[in-house]
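Examination of the molecular architecture
Chain by chain, the residues run as shown.
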Amino acid sequence: MSDRPPAVHVHVHRVMAGAFPLRVADLLFTDDTLVVPEYRYLTPLSGILRGRHEVGAAAAKRYREAGVGGLVEMAERIHRIAYADIERVRIYDGRSVGRPKVTIDVTAGPPYAYRVHAPVDVAALTDALTSLGRRRGFGVEHHGTLGFDPRTSLRRFLADR
């Protein structure tokens, strides 16, 4: 029997990149790294209204069929963030007026930020990421707010995150 902890996969499905132009993505907290496949831009507004569901449904099906590798294959762009480079993950519940948000603060550069556009149990997500963070060396914070700061959003946009 191995001393290695059991495999941990936390999948946050159907998120939108926090900077304009919007992109559909998934957050895949795997055993070794955070993988963020981004699928496509959703602009103009009509693309947001029609395209989000199609891309999200296709990604969910691909994940069921081929796992993380299938999502990576279908992505237009992929971010891989080593756990050693993650300082903390902040989860905002959006209050009653907004969608939940997951922000990944890294050691270098602006944070990665994503609004969750699929049903999510914020408490369960916070617990799962807290457990993973204890094992992988990053903190997790839960905030009962919207999680919006115009200056930080501009920095992410300029960094193309």
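Residues numbered from 1 in each chain as written. Predicted model: local features only at pLDDT ≥ 70, side-chain atom pairs only at ≥ 80, totals over all residues. Heavy atoms only, no water.

**Observations regarding the overall build of the chain**
- Assigned secondary structure in the chain consists of 3 helices and 8 strands.
- The buried share of the chain, reckoned over its 161 residues, is 45%.
- Contacts in the chain between residues at least 24 apart in sequence constitute 56% of all its contacts with a sequence separation of at least 6.
- Carbon and sulfur atoms form 54% of the exposed surface of the chain, whose accessible area is close to 8500 Å². (Helix = DSSP H or I, 4+ residues; strand = E, 2+ residues; numbered from the N terminus. Buried < 20%, exposed > 50% of the residue type's maximum accessible area, 1.4 Å probe, protein only. Contact = heavy atoms within 4.5 Å. Areas by Shrake-Rupley, 256 points an atom, 1.4 Å probe, with all protein chains shown as cover.)

**Points about the packing of aromatic side chains**
- One pass over the structure, following the stated rule, counts 1 aromatic pair.
- Taking the centre distance of 5.6 Å and the plane angle of 25 degrees together, the rings of Tyr83 and Phe138 count as stacked. Here the residue Tyr83 occupies a position in the loop between strand S4 (77-82) and strand S5 (86-92), and Phe138 occupies one in the loop between helix H2 (122-136) and strand S8 (139-143), the gap between them amounting to 55 residues. Across the pair, Phe138 and Tyr83 agree in class, each one buried.
- One Lys or Arg, Lys101, reaches over the ring of Tyr92 and ends 5.7 Å from the middle of that ring. (Phe/Tyr/Trp six-rings, centres within 6.5 Å; stacked < 30°, edge-to-face > 60°. Lys NZ or Arg CZ within 6 Å of the ring centre and 35° of its normal.)

**A look at the confidence of the model for the chain**
- Per-residue pLDDT for the chain has a mean of 78; in total, 68% of the residues score no lower than 70.
- The element-level mean pLDDT for the chain is lowest in helix H3 (residues 150-158), coming to 63, with S5 highest at 96.
- With pLDDT under 50 throughout, residues 1-8 is counted as low confidence; its partners more than four residues away or in other chains account for 11 contacts.
- For residues 43-48, every residue scores under 50 in pLDDT, and the model assigns this stretch 7 contacts once sequence neighbours within four places are set aside. (pLDDT = per-residue confidence, 0-100.)

**Observations concerning the pattern of salt bridges**
- Enumeration according to the criterion identifies 7 salt bridges in this entry.
- Of the charged contacts in the structure, one is a salt bridge between Glu73 and Arg62, with a shortest N-O distance of 2.5 Å.
- Taking relative accessible area as the criterion, Arg62 reaches 26% and is therefore assigned partly exposed.
- With a shortest N-O distance of 2.7 Å, Asp105 and Arg88 are connected by a salt bridge. (Salt bridge = Lys/Arg side-chain N within 4 Å of Asp/Glu carboxyl O.)

**Regarding the nonpolar core**
- Leu27, Phe29, Leu34, Val89 and Ile104 are the most contacted members of the largest nonpolar core, which has 24 residues in total.
- Take this core: its biggest share by element is 4 residues, from H2.
- Setting aside anything within four residues of it in sequence, one finds Val89 in contact with Phe29, Val102, Thr103, Ile104, Leu129, Phe138, Gly139, Val140 and Glu141.
- Val24, Leu28, Tyr39 and Val72 belong to the second-largest nonpolar core, a separate cluster that totals 8 residues. (Core = buried A, V, L, I, M, F, W, Y, C linked by side-chain atoms within 4.5 Å.)

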